[in-house]
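Survey of secondary and tertiary structure
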Amino acid sequence: MKALLLAGGLGTRLRPLTENLPKPMAPVGNRPWLEHLLLHLKREGIDEFVIAVKHYPEIIQNHLGDGSRFGVQIEYAIEQSLLGTAGAIKNAESLLSDRFLVVNADIIHEVSILPLVEYHIQHKGLVTIGLTEVEDPSHYGVVQQTDNGEIVRFVEKPKQDEAPSRRINAGIYVMEKEALQWIPKNKAVSIEKETFPLLIEKNVGVFGKIINGYWMDMGTNERYRKVHWDLLDRKCSFPLKEKEQGNGIWVGKDVQIGSGVLFLPPVLIGDQVHIGERSVIGPYAVIGDGCTIGKHVRCSETILWDDCKVHDSAQLSNCIFGYDLELGASHILYQAVMNRTAGVLQG
Ligand code: GDD
Ligand code: MG
């Protein structure tokens, strides 16, 4: 069974970080999320992938290539214009197996796939949607089900008091290729707003099963941070290339640490990082590969992507820095989300 990863969205809610980067390439624990995703699905027994790309496709293609570096096989379905979540699947039709998995590539998860596939086979529908329960379903696709799991209503992002339940679409589907006959070609179509409601109306069998394993949509800055704190708290267990020193402190290769530096766990320090004397890093700090941190710096609840420079006595709290950013000496930043070309968003 192949997996189709939907990775073409613009990632507008994660701007400016995704201004010039596809959202699924945003690093999670110092590694592009798409790498974690491929490796997770490989552990789940899937080794053939199609990636549906549109926003900066070359960044994904250059990084992942044909997949051989990760021991998997990757093909790409490229859209000339955004085709929407169903249009992107239709566009990839010729590359897909008769039964396939679809995954929203911006979902950070460690979901077990086999139980979902087994459920799908038992219930004989055209689609089985992985579901999860959240407090506020209004940001998601919400379902109403019968006792045997069949979905009788699917509402995308309902108003808060109009959601039929708290069970939401987790963005992971098992589908039969047959279902694609209901999606028009070369047209922007939303699977959530158009295809699922249509398949339900046609009564072709749309089922839903609660998934198990860590799950989080990284679509906003807050949730992007939360994924990192969960990773450091080991609520999810994606393998990190850095070595844990046994106390919630992970340190990469060739790291230089000045005298009197204090790590307040949990912290994750990438490869080739330099930290000047008497800096205090953490709690909750993720420092990307190649970053240089000056002396007497304070850095907490902050994520720095690779190659950032923070000069002496600067203070960072609750920030996210895109690649290759520089913060001047003695500057104080609180809750800033920044990207080199797109500037600062204070939030
Ligand atoms: N190739 C391609 N083309 N990919 C797309 C397109 C497109 O036109 N539009 C969106 N995608 C990809 C995005 O990159 C993302 O990985 C995935 O499809 C979902 O799109 P989002 O824009 O992130 O949707 P959402 O987060 O608002 O809602 C979706 O995910 C929720 C779960 O987090 C929906 O599927 C909801 O129903 C669901 O609950
Ligand atoms: Mg999303």
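Sequence order as written defines the numbering, with residues in each chain counted from 1. Written order decides the labels, with chains lettered from A and ligands numbered from 1. Where totals are concerned, whole chains, interfaces and linings use all residues; where local detail is concerned, this predicted model gives features only for residues with pLDDT of at least 70, and gives and counts side-chain atom pairs only at 80 or more. To get the side-chain values, take all heavy atoms of the structure and skip hydrogens and water.

Quick word on the overall build of the protein
What counts as a helix is a DSSP run of H or I of at least four residues, what counts as a strand is a run of E of at least two, and both are numbered from the N terminus. Of the regular secondary structure elements, the protein holds 6 helices and 29 strands. Atoms counted for the radius of gyration: C-alpha only. Globule rule: 2.2 Å times the number of residues to the power 0.38. Taken against the 2.2 N^0.38 rule, which gives 20 Å for 347 residues, the C-alpha radius of gyration of the protein at 21 Å falls within 12% of a compact globule. Projected onto the principal axes, the alpha-carbon positions of the protein cover approximately 65 × 45 × 35 Å. Taking all contacts inside the protein whose residues are at least 6 apart in sequence as the whole, residues at least 24 apart take part in 54%. Split by element, the accessible area of the protein, about 14700 Å² in all, is 46% carbon and sulfur. One way to put it: in the protein the 36 positive side-chain charges average out to a point 1 Å from where the 43 negative ones average out. We call two residues in contact when some of their heavy atoms are within 4.5 Å. We get accessible surface area from the Shrake-Rupley algorithm with a probe of 1.4 Å; when it comes to residues, only the shown protein chains can shield them. The sign given to each residue is positive for Lys and Arg and negative for Asp and Glu; His and the chain ends receive no count. By convention, the charge on Lys lies at NZ, on Arg at CZ, on Asp at CG and on Glu at CD.

Re the packing of helix H1 (residues 33-43) against helix H2 (residues 57-64)
Note on geometry: axes are C-alpha line fits, over the in-contact stretch for helices, and angles between N-to-C directions span 0 to 180 degrees. Where H1 contacts H2, the axes come no closer than 11 Å and their chain directions differ by 55°. Considering the angle they form, H1 stands oblique to H2. For the pair H1 and H2, the crossing hand works out as right-handed. Along its contact with H1, which presents Leu34, Glu35 and Leu38, the element H2 presents Ile60, His63 and Leu64. Each residue receives one of three labels: charged for Asp, Glu, Lys and Arg, nonpolar for Ala, Val, Leu, Ile, Met, Phe, Trp, Tyr, Cys and Pro, and polar for the others, Gly being one of them. Partitioned by chemical class, the residues of the contact of H1 with H2 number 4 nonpolar, 1 polar and 1 charged. Angles are sorted into four bins: roughly parallel if under 35 degrees, roughly antiparallel if over 145, roughly perpendicular if 65 to 115, and oblique for all others. Whether a crossing is left-handed or right-handed is set by the direction in which the near helix is turned from the far one by less than a right angle, anticlockwise for left-handed and clockwise for right-handed.

Side note on the packing of aromatic side chains
Ring pairs (aromatic) are described by centroid distance and by the angle formed between their planes. For Phe, Tyr and Trp, where Trp contributes only its six-membered ring, two rings pair if their centres lie within 6.5 Å, and the inter-plane angle classes them as stacked under 30 degrees, edge-to-face over 60, or tilted in between. Evaluated as defined, the whole model comprises 7 aromatic pairs. For the ring pair tyrosine 224 and tryptophan 305, a centre distance of 6.4 Å and an interplane angle of 70° mean the geometry is edge-to-face. Here tyrosine 224, found in helix H6 (residues 221-232), pairs with tryptophan 305, found in the loop between strand S22 (302-304) and strand S23 (309-310); they are 81 residues apart in sequence, far enough to count as distant. Remark: exposure states derive from per-residue accessible area (1.4 Å probe, protein chains only) relative to the maximum for the residue type, with buried under 20%, exposed over 50%, and partly exposed in between. Since its relative accessible area comes to 1%, tyrosine 224 is described here as buried. A relative accessible area of 2% means that tryptophan 305 is categorised as buried.

Topic: the site of ligand 1
The cutoff for a nearby residue is simple: one of its non-hydrogen atoms must lie within 4 Å of the molecule or strand. Glu79, Gly84, Lys157, Glu192 and Asp217 are the nearest of the 27 residues found near ligand 1. A distance of 3.2 Å is found between a nitrogen atom of ligand 1 and a backbone nitrogen or oxygen belonging to alanine 52. Polar contact is defined as a pair of N or O atoms within 3.5 Å, subject to the rule that within protein one atom must be able to donate a hydrogen and the other to accept it, and that residues adjacent in sequence are counted only when both atoms are side-chain atoms. Between ligand 1 and glutamate 192, the relevant distance is 2.6 Å, taken from an oxygen atom to a side-chain nitrogen or oxygen of the residue. Within the complex, the protein chains bury 91% of what would otherwise be the 740 Å² of accessible surface of ligand 1.

A short note on the UniProt feature "domain: Mannose-1-phosphate guanyltransferase C-terminal" (unreviewed entry) in the protein
UniProt positions are given in the numbering used here, feature names are shortened, and annotations may be inferred rather than shown by experiment. Annotation from UniProt places "domain: Mannose-1-phosphate guanyltransferase C-terminal" (unreviewed entry) at residues 264-331. The straight-line gap between the two end C-alpha atoms of residues 264-331 is 21 Å; of that span, 0% is helix and 40% is strand.

Re the domain arrangement of the protein
Just so you know, the domain bounds were taken from an automatic or database domain assignment. You can read the domains of the protein as domain 1 (2-231) and domain 2 (245-345). Centre-to-centre separation of domain 1 and domain 2, based on C-alpha positions: 33 Å. Facing the 16 residues of domain 1 at the interface are 28 residues of domain 2. Throughout, buried area stands for the accessible area (probe radius 1.4 Å) lost by two parts on being put together, summed over both. Both sides together, the interface formed by domain 1 and domain 2 hides about 1700 Å², and carbon and sulfur atoms give 67% of it. Salt bridges are defined by distance alone: a side-chain nitrogen of Lys or Arg within 4 Å of a carboxyl oxygen of Asp or Glu. Applying the counting rule to domain 1 against domain 2 returns 0 salt bridges. When the residues that make up the side of domain 1 that touches domain 2 are grouped by side-chain class, the tally is 8 nonpolar, 5 polar and 3 charged.

Brief notes about the UniProt feature "domain: Nucleotidyl transferase" (unreviewed entry) in the protein
According to UniProt, the "domain: Nucleotidyl transferase" (unreviewed entry) feature falls on residues 2-232. End C-alpha atoms of residues 2-232 are separated by 31 Å, and the span's content is 26% helix alongside 27% strand.

Quick word on H1
Most of H1 is tucked away: 9 of the 11 residues are buried. Where H1 is concerned, the buried positions are Trp33, Leu34, Glu35, His36, Leu37, Leu38, Leu39, His40 and Leu41. Buried residues along H1 sit in contact with strand S1 (2-6), strand S2 (48-53), H2, strand S3 (73-78), strand S4 (99-104) and strand S5 (107-109). Where H1 terminates, the next one or two residues include glycine 45, which has phi positive at roughly 100°.

Examining unusual backbone geometry
It is generally the case that most residues other than glycine have a negative phi and that most peptide bonds are trans. Following proline 265, the chain continues to proline 266 via a peptide bond in cis, the omega torsion being 0°. You can see proline 266 is positioned in the loop between strand S15 (262-263) and strand S16 (267-269). Put simply, glycine 282 and proline 283 share a cis peptide bond, and its omega is -5°. Its location among the elements puts proline 283 in the loop between strand S18 (280-281) and strand S19 (285-287). Phi is positive for asparagine 203, close to 60°, though the residue is something other than glycine. Along the chain, asparagine 203 falls in the loop between helix H5 (191-201) and strand S10 (206-210). When its relative accessible area of 60% is taken as the criterion, asparagine 203 is described as exposed. In this structure, aspartate 254 is a non-glycine residue whose phi angle is positive, near 50°. By the secondary structure assignment, aspartate 254 is in the loop between strand S13 (249-251) and strand S14 (256-257). For aspartate 254, a relative accessible area of 56% puts it in the exposed group.

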